[in-house]
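Given next are the chains, with one letter for each unit.
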Amino acid sequence: MKYQIIENKDEFIWNSLLDEVDNSIFSRDFFVKPLGVTYKKFAILDKKTVKACFCILLDEDEKKIIDNDYVIHSGLYILERNLKKNPGSKNNEIFDITSDFVSFIVLNYKEIDINLNISIKDVRPFLWHNYFESEDKKFKVDLRYTTILNLDLLDKSDDLQSQLFQNFSELRRRNIRSSRNNSITFSYDITINSLIEAHISHLNNQNQSVSNNQKIQMYDLIYSLVKSKKAIIQGAFIDGDLKYIVCYAFDDISAYFLFGAPIGDNDFNFLGTASHFNMCNYLKSKNIKQVNLEGVNSPDRGKFKLSLGGELIQYFSLRIN
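On a predicted model such as this, the values are computed, not experimentally measured, just so you know. (Residues numbered from 1 in each chain as written. Predicted model: local features only at pLDDT ≥ 70, side-chain atom pairs only at ≥ 80, totals over all residues. Heavy atoms only, no water.)

Caption draft 1: View of the packing of helix α6 (residues 170–180) against helix α9 (residues 271–285). In the contact formed by α6 and α9, the axes pass within 8 Å of each other and the chain directions differ by 85°. With respect to each other, α6 and α9 are oriented roughly perpendicular. Side by side, α6 and α9 meet where Arg 172, Asn 175, Ile 176, Ser 179 and Arg 180 of the first sit next to Thr 273, Ala 274 and Phe 277 of the second. Residue composition of the contact of α6 with α9, by class: 3 nonpolar, 3 polar and 2 charged. (Axes fitted to C-alpha atoms, helices over the stretch in contact; angles between N-to-C directions. Helix = DSSP H or I, 4+ residues; strand = E, 2+ residues; numbered from the N terminus. Parallel < 35°, antiparallel > 145°, perpendicular 65-115°, else oblique. Contact = heavy atoms within 4.5 Å. Nonpolar A, V, L, I, M, F, W, Y, C, P; charged D, E, K, R; others polar.)

Here you go:
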């Protein structure tokens, strides 16, 4: 391989590396540790210069790279600042770094299931692995999507006249106006158990089950993020009754929608839209620049999130065994 790849066990150094890249919250120690999963972190070096880094989740035997329901993105992060400046040289360098990443993981792990972060655009090194072999020896690549809201387009002094609001579909704009005409209020003094109960009930109503281990991971993750001031839980109330909950995590630049659900049966169809829009206002006040709505990969969720007018972004899910 062209580059040296070394394991990084120093949390301070790891976080300082990730400070240079956006959308890296899912590989931060404060996010992964509470999940109780095995994970390792590596740096990719050209001599003494760190060109990239990556985090992988492992099974108990540390022989497989695994996926996790709550780690939306993982894998490779390119440190743009340390790359060559010439565009042609830079493109080749990114390709070579990615190729060494692929060579490393296929050499050291017998199965791989990984969702790349949204900044990785060139997956040819994955596609070209075992290029002349049978299909079962190649990476299976799934194209996935998320959508991102630009909070620079939000003017809190008159949010209904802001470009962010104008980008909402007609229905979503009507939802927001309806919420302003009702006795809806928001609070950030919401318990984690209230969020989890609402989330699980919502999934059950969609015929989706939640294992006890998933429930424990969810609680530990939210508790740790809230305690470290890396997440916020918001409740929406109608006439004093809690009707909708959303939870967002955030770093210095971006926020990430993690969980959201209605409370019980209600006919207030504006609550979801109003909750997300109010959260955008809250995050804007904290100097957050953008909101990643984390996934538009199923029909209902995709339709709702895309109606908020954000930018559609693709990312890649890769598997081999």
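Text resumes after the structure shown.
Caption draft 2: Quick look at the environment of Ile 238. Examined against the element boundaries, Ile 238 turns out to sit in strand β9 (residues 231–238). C-alpha separation for the pair Ile 238 and Phe 186, spaced 52 residues apart in sequence, amounts to 9.1 Å. Residues contacting Ile 238, with those up to four places away along its chain left out, are Ser 183, Ile 184, Lys 243, Phe 268, Phe 270 and Leu 271.

Caption draft 3: The arrangement of the pattern of salt bridges in detail. If you walk through the whole model with that rule in mind, you get 15 salt bridges. We note a salt bridge from Asp 19 to Arg 28, for which the minimum N-O separation is 3.0 Å. Since its relative accessible area comes to 8%, Arg 28 is described here as buried. When the shortest N-O distance is used, the salt bridge between Lys 90 and Glu 80 registers 2.7 Å. With Lys 90 in helix α3 (residues 87–108) and Glu 80 in the loop between β5 (75–78) and α3, this residue pair connects regions lying 10 residues apart in the sequence. Judged by relative accessible area, Glu 80 falls into the partly exposed class, the value being 41%. (Salt bridge = Lys/Arg side-chain N within 4 Å of Asp/Glu carboxyl O. Buried < 20%, exposed > 50% of the residue type's maximum accessible area, 1.4 Å probe, protein only.)

Caption draft 4: Spatial organisation of the packing of aromatic side chains. Applying the stated criterion to the full structure yields 17 aromatic pairs. Each ring, one from Phe 26 and one from Phe 31, has its centre 5.0 Å from the other, and the planes form 75°; the classification is edge-to-face. By the burial criterion, Phe 26 is buried, and Phe 31 matches it. When the centroid spacing of 5.5 Å and the interplanar angle of 70° are considered together, the rings of Phe 26 and Tyr 256 count as edge-to-face. Taken as a pair, Phe 26 in the loop between α1 (11–18) and α2 (29–32) and Tyr 256 in strand β11 (residues 254–262) lie far apart in primary sequence, 230 residues in all. What makes Tyr 256 buried here is its relative accessible area of 0%. (Phe/Tyr/Trp six-rings, centres within 6.5 Å; stacked < 30°, edge-to-face > 60°.)

Caption draft 5: Quick peek at α3. An ideal rise of 1.5 Å per residue puts 32 Å on 22 residues; α3 measures up with 32 Å between its terminal C-alpha atoms. Among the residues making up α3, those that are buried are Glu 93, Ile 94, Phe 95, Ile 97, Thr 98, Ser 99, Asp 100, Phe 101, Val 102, Phe 104 and Ile 105. Its side-chain oxygen placed 3.0 Å from the backbone nitrogen of Gly 88, Asn 86 serves as the N-cap of α3. (Expected span 1.5 Å × (residues − 1). Polar contact = N/O pair within 3.5 Å; in protein donor to acceptor, adjacent residues only side chain to side chain.)

Caption draft 6: View of the nonpolar core. Among the nonpolar cores identified, the biggest contains 42 residues, and Phe 31, Leu 195, Ile 222, Leu 225, Ile 233, Leu 258 and Phe 259 are the most heavily contacted of them. Considering every element that reaches this core, the biggest residue donor is helix α7 (residues 192–205), with 5 residues. For Leu 225, the contacting residues outside a window of four places in its chain are Phe 30, Phe 31, Lys 230, Ala 231, Ala 249 and Leu 258. (Core = buried A, V, L, I, M, F, W, Y, C linked by side-chain atoms within 4.5 Å.)

Caption draft 7: Just the pairing of strand β13 (residues 311–320), in detail. Of the pairings in the sheet, the one linking strand β6 (residues 111–115) to β13 comprises 4 bridges and is antiparallel in character. Residue pairing in the sheet places Ile 112 in a bridge with Ile 320 of β13. In this sheet, β13 lies alongside strand β7 (residues 140–150) in antiparallel orientation, the contact comprising 9 bridges. What sits directly across from Tyr 145, in β13, is Gln 314. (Pairing = 2+ DSSP bridges.)

Caption draft 8: View of the environment of Asn 23. With respect to the helices, strands and loops of the structure, Asn 23 is situated in the loop between α1 and α2. The buried category is assigned to Asn 23, whose relative accessible area is 6%. For the pair Asn 23 and Ser 119, spaced 96 residues apart in sequence, the C-alpha separation works out to 8.1 Å. Once you skip the residues sitting within four places of it in the chain, Asn 23 turns out to touch Tyr 77, Asn 117, Ile 118, Tyr 256, Gln 290 and Asn 292.

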